[in-house]
Amino acid sequence: MSEVSSNSHSTELTSQYIAQVTGDLERNAKEQDRVGAEIEALQEQLRALQHDHIVLVNMQDALGGPNSTPGAEVAAAPSVPHQASAEPKQSKGKKAAATGAKKTAPKKPAATKASSVKASSVKASTAAAKPTLVELIRGHLEKQSEPRSAAEITTALTQAHPDRSVKTTVVRTTLEGLVAKSHAHRTKQGSSVFYTTAVASEPAPAEPQQEAVSD
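Quick caveat, the model's predicted, so the values are computed rather than measured.

**Some thoughts on the overall build of the protein**
Move 1: On a plain count of helices and strands, the protein comes out with eight helices and two strands.
Move 2: Ordered by position from N to C terminus, the α and β elements of the protein give α-α-α-α-α-α-α-α-β-β.
Move 3: Scored against the burial criterion, the 215 residues of the protein give a buried share of 17%.
Move 4: Surface accessibility of the protein: about 16500 Å² in total, with carbon and sulfur atoms responsible for 57%.

In structure tokens:
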């Protein structure tokens, strides 16, 4: 009888452990989904900011403003540590050849600047080839005449872009970011939240130029 009772007791403990481990696994999986959604939303915002930064740097350089040169130096700065770290590994012959090249080519910094600007232009064109989630959401809102929820926007973007993985949590986070930047408006109807695009102000009409009266 004692063996039967001990076996039943062990079975109960095993069942309790299995239930506890199962519950812990479910909670762990839900927490991973939540953290993964937040990370994906932050990565989308980071890619959008990097894209905007590249476009602004190119526009600044094209306009030739007073701050165009510092901007180009900052853009080319990340390549300097790599060159410095790689220099000790070069042989003496390569160092001498590099020194001679520097003496015979005094205009090399200008070429480096031009190459960095060209690389930035290539990066900008590559990034612009595939629109970001922020651009997709803004474009979708601009086409809508009525407010849309995050779930409705997610469904529409998934149908329009089946090759992209669009999640409702990421779309909602991105919409809140647009609201914070005044690029979208948020309205609440009961327990549901809807979003609309921000109405751009119409430009003021240009004043007609007065005709010069000849004496």
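On we go from here.
**Observations regarding the side chain of Ser 149**
Move 1: Structurally, the position occupied by Ser 149 is in the loop between helix 6 (133–143) and helix 7 (150–160).
Move 2: Residue Ser 149 is classed as buried on the basis of its relative accessible area, which comes to 15%.
Move 3: The contact partners of Ser 149, leaving out residues within four places of it in the chain, are Val 193 and Phe 194.

**Here's the deal with the packing of helix 6 against helix 8 (residues 168–180)**
Move 1: Where helix 6 contacts helix 8, the two axes come as close as 10 Å, and the packing angle between them is 75°. Comparing the axis directions of helix 6 and helix 8 gives the class roughly perpendicular. Side by side, helix 6 and helix 8 meet where Leu 133, Val 134, Ile 137, Arg 138 and Leu 141 of the first sit next to Val 170, Val 171, Thr 174, Leu 175 and Leu 178 of the second.
Move 2: Here the residues of the contact of helix 6 with helix 8 are counted per class, giving eight nonpolar, one polar and one charged.

**Brief notes about the nonpolar core**
Move 1: Counting residues in hydrophobic clusters, the biggest one holds 17 residues, and the most contacted among them are Leu 133, Ile 137, Leu 141, Ile 153, Leu 157, Val 171 and Leu 175.
Move 2: If you list the elements that add at least two residues to this core, you get helix 1 (2–63), helix 6, helix 7 and helix 8.
Move 3: Here this core takes five residues from helix 6, the largest share from any one element.
Move 4: Residues contacting Ile 137, with those up to four places away along its chain left out, are Ile 153, Leu 157, Val 171, Thr 174, Leu 175 and Leu 178.

**Quick notes on the pairing of strand 1 (residues 184–189)**
Move 1: With six bridges connecting them, strand 1 and strand 2 (residues 192–197) associate as antiparallel partners. If you follow Thr 187 over to strand 2, its bridge partner there is Phe 194.
Move 2: Where strand 1 hands over to strand 2, the hairpin turn is made up of two residues, of which Gly 190 adopts a positive phi near 70°.

**Some thoughts on helix 6**
Move 1: Buried within helix 6 are the following residues: Leu 133, Val 134, Leu 136, Ile 137, His 140 and Leu 141. For helix 6, the angular spread of the buried residues around the axis is 165°, confining them to a single face. Turned more than 90 degrees away from the buried face of helix 6, the exposed residues are Glu 142 and Lys 143.

Calculation criteria
Residues numbered from 1 in each chain as written. Predicted model: local features only at pLDDT ≥ 70, side-chain atom pairs only at ≥ 80, totals over all residues. Heavy atoms only, no water. Helix = DSSP H or I, 4+ residues; strand = E, 2+ residues; numbered from the N terminus. Buried < 20%, exposed > 50% of the residue type's maximum accessible area, 1.4 Å probe, protein only. Areas by Shrake-Rupley, 256 points an atom, 1.4 Å probe, with all protein chains shown as cover. Contact = heavy atoms within 4.5 Å. Axes fitted to C-alpha atoms, helices over the stretch in contact; angles between N-to-C directions. Parallel < 35°, antiparallel > 145°, perpendicular 65-115°, else oblique. Nonpolar A, V, L, I, M, F, W, Y, C, P; charged D, E, K, R; others polar. Core = buried A, V, L, I, M, F, W, Y, C linked by side-chain atoms within 4.5 Å. Pairing = 2+ DSSP bridges. Arc of directions from axis to C-beta.

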